Amino acid sequence: MRDVAVIGIGQTPVAEHWDKSLKELAGEAVIAAMRDAGREYADGMFMGNMMSGSANHQQHLGAYIADWVGLRFTEAAKIESACSSGAASFRAAFIAVASGEMDCAIAAAVEKMTDSTSDEITTQLATAADADYEAGMGLSFVALNALIMQRYMHEYGWGKEHFAPFPINAHANAAHNPNARFQEPINLATYEKAGMICPPINLMDASPMGDGAAALVLVPLDSVSSTAKRIRIIGSAGATDSIAIHHRKEPLFLQAAYLSSQKAYKMAGITPSEIDFFELHDAFSIMSALSLEASGFAERGQGPRMAVEGEIFPGGRLPVSTRGGLKARGHPVGATGLYQLVEVVQQLRGEAGKNQLDRARIGMAQNIGGSGSNIITHILQAI
Amino acid sequence: MEVPRYWRNRNQRYALVGEVCPHCEVKIFPPRDVCPACGQDAKTKFSFSGRGEVYSYTTISDAPAGYEENAPYTVALVKLEEGPVVTAQLTDLGQEPVSIGMPVEMVTRRIRQDGGKEGILVYGYKFRPVMAVAR
Ligand SMILES: [Zn+2]
């Protein structure tokens, strides 16, 4: 296996892009990433996306987007694993380059959600769960996360307010990210006044949808000139769990996050304590807590403690959601995993603007598909 | 919901028919054909009692398309007395607040009314609080 580097990144703002189509959004991100990389061609492109078939009546995004961005004739295919489609496309590109099969691969991802009404999107999001035995019983995706959070609070004794630092941190960071969906800070009062969606999940626990696209260009590390910004992928791993929560052995523990992070640490030859910052999957506040626990940063049931004690803020032991996270940068479902990775690269390059961390040498991104059933972890290092 | 799909799952939806592993006795619902405990074939049918308790719950106000007629409604993870956990709506709640550990039992109720050309009424299991029976 060859060492692999990221040499180009691109993203669109996460927003309601009424004036832009699926392909225009994807095209913007891909072209920006290729320009950043200084490349005009690639050997392949892996397109992450969840719901284009229903939300945009367009499947077959490999050929569709390749043609649009001027990569006609290039090998390309869509990759789907619900909310972790973005990281899955990155992992596919990584494997392609690491194996020697491709010398330049593009990981791109797009989600164009505002062409559908919100109840259609609610229905589409629920397709990440079991169609017969979860969604078919009338469960929404938010409800599934609420079931986990309710039980978690019952078992570990946390109060609602103990989750507030997650969105407060995310919104504070997003205030300095021009690509973020929400750029206004919030405070504890905002959190406590927020309306309930599915108790105990309120509006401030839930990440907003949005349209967006992001892309990264991957090449062999030894092909990158030594003067360039060299960002190496030192860990890459995925794992699955039962798609339905009711089939999981421990519904309050993200086994797939544990397995994929452990594999990624092993590949990188590091321990969790060497991670400088963590772009975690804060689709819901409860997922932040579970992700911190399963990835080895907190004991079981103690994820909220890291938030309450301020360890997740810039300058803390493990800054998370450093450019706003899903909560405030926004969650364009299938594209989210690549936003996380673009943001990791920005931090490692020292290009994170006012969000720039003092110490950003090794960064981790973790993308969660479904309610915890497909989790992909990546670790990147500046060299 | 499409008619063939609804028809295929009728034994699960109406009668909580799952499976029991012939190798390690673990009870399985919904059916998965491969035992989650020992990894061997597990296709022996098993009918669950329908009794269990609330493992977790929440309330849905913004229902997915097709489920609006019952909104707001309460949903739960119900731990069946035979072991498995099942995801379902709660019904017949009355004034009693739902709580974790609350005993519940399965009943058959309408889950959704499909519009469009299929137009079928989809029935299936929900769970209600176990009635306090006067003795
Ligand atoms: Zn067995």
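The model shown is predicted, which means the values in this text are computed figures rather than measured ones. (Residues numbered from 1 in each chain as written. Chains lettered and ligands numbered in written order. Predicted model: local features only at pLDDT ≥ 70, side-chain atom pairs only at ≥ 80, totals over all residues.)

## Regarding the overall build of chain A
Now for step 1: Secondary structure summary: chain A contains 13 helices and 11 strands in total.
Now for step 2: In summary, chain A has a C-alpha radius of gyration of 19 Å against a globular reference of 21 Å for 383 residues, a match within 12%. (Helix = DSSP H or I, 4+ residues; strand = E, 2+ residues; numbered from the N terminus. Rg over C-alpha atoms; globule rule 2.2 N^0.38 Å.)

## Quick look at helix H4 (residues 85-98) of chain A
Residues and elements named next belong to chain A.
Now for step 1: Between its terminal C-alpha atoms H4 stretches 20 Å, which fits the 20 Å expected from 14 residues at 1.5 Å a residue.
Now for step 2: Along H4, 12 of the 14 residues are buried, which leaves the element largely enclosed by surrounding structure.
Now for step 3: Looking one or two residues past H4, glycine 100 carries a phi angle of roughly 95°, positive in sign. (Expected span 1.5 Å × (residues − 1). Buried ≥ 20, exposed ≤ 12 C-beta atoms within 10 Å, placed from the backbone.)

## Description of the sheet that holds strand E8 (residues 231-240) of chain A
Residues and elements named next belong to chain A.
Now for step 1: An order of E3-E2-E4-E7-E1-E8-E11-E10-E9 is seen for the 9 strands of this open sheet, with the pairing classed as mixed. The open sheet has two edge strands with one neighbour each: strand E3 (75-79) and strand E9 (277-279). Going from strand to strand, the sheet's axes swing by 25° on average, the running direction of each strand aside.
Now for step 2: Of the pairings in the sheet, the one linking strand E1 (residues 4-11) to strand E7 (residues 212-220) comprises 7 bridges and is antiparallel in character. Residue glycine 10 lies in a different strand from E7, and its bridge partner there is alanine 215.
Now for step 3: Most of the contacts of helix H1 (residues 22-37) go to E1, to which it runs at about 135°, and overall it touches E1, strand E4 (105-111) and E7. (Pairing = 2+ DSSP bridges. Axes fitted to C-alpha atoms, helices over the stretch in contact; angles between N-to-C directions. Contact = placed C-beta atoms within 7 Å.)

## Brief notes about the domain arrangement of chain B
Residues and elements named next belong to chain B.
Now for step 1: Split into domains, chain B comes out as domain 1 (1-47) and domain 2 (50-130).
Now for step 2: For domain 1 and domain 2, the distance between their C-alpha centroids amounts to 20 Å.
Now for step 3: Between domain 1 and domain 2, the contact holds 11 residues from the first and 15 residues from the second.
Now for step 4: Of all the secondary-structure elements, those providing two or more residues to the side of domain 1 that touches domain 2 are helix H1 (3-8), helix H2 (10-15) and strand E2 (27-28).
Now for step 5: Here the side of domain 1 that touches domain 2 is built from residues that sort into 7 nonpolar, 1 polar and 3 charged. (Domains from an automatic or database assignment. Nonpolar A, V, L, I, M, F, W, Y, C, P; charged D, E, K, R; others polar.)

## Thoughts on the environment of alanine 109 of chain A
All names here are of chain A.
Now for step 1: Positionally, alanine 109 belongs in strand E4.
Now for step 2: The spatial distance from the C-alpha of alanine 109 to the C-alpha of alanine 215 is 6.3 Å, given a sequence separation of 106 residues.
Now for step 3: If near-sequence neighbours (up to four positions away) are discounted, alanine 109 is found in contact with Met47, Gly48, Asn49, Ser85, Gly86, Ser89, Ala213, Ala214, Gly334, Ala335, Gly337 and Leu338.

## What about the sheet that holds strand E1 (residues 17-20) of chain B?
All names here are of chain B.
Now for step 1: The strand order E2-E1-E3 describes an open sheet built from 3 strands, whose pairing is antiparallel. Two strands in the sheet have a free side with no partner beyond their single neighbour: E2 and strand E3 (44-47).
Now for step 2: Note: E1 against E3, 4 bridges, orientation antiparallel. Within E3, the residue paired with glycine 18 across the bridge is phenylalanine 46.

## With respect to the interface of chain B and chain A
Now for step 1: With 26 residues of chain B in contact, the opposing surface of chain A contributes 27 residues.
Now for step 2: Broken down by secondary-structure element, the contributors of at least two residues to the side of chain B that touches chain A are strand E4 (51-60), strand E5 (73-80), strand E6 (85-89) and strand E7 (103-113) of chain B.

## As for the environment of cysteine 198 of chain A
Now for step 1: As for its placement among the helices and strands, cysteine 198 of chain A is situated in strand E5 (residues 196-198).
Now for step 2: Through-space distance from the C-alpha of cysteine 198 of chain A to that of valine 333 of chain A is 20 Å; in sequence the pair is 135 residues apart.

## Observations concerning the domain arrangement of chain A
Interfaces are often sized by the amount of accessible area the parts lose when they come together.
Residue and element names in this part refer to chain A.
Now for step 1: The assigned domain composition of chain A is domain 1 (4-117 + 210-223) and domain 2 (139-206 + 234-382).
Now for step 2: The distance between the C-alpha centroids of domain 1 and domain 2 comes to 23 Å.
Now for step 3: Contact with domain 1, which involves 34 residues of that partner, is made by 31 residues of domain 2.
Now for step 4: Elements supplying a minimum of two residues to the side of domain 1 that touches domain 2: E1, H4, E4 and E7.
Now for step 5: Broken down by element, the side of domain 1 that touches domain 2 gets its largest block of residues, 8 residues, from H4.

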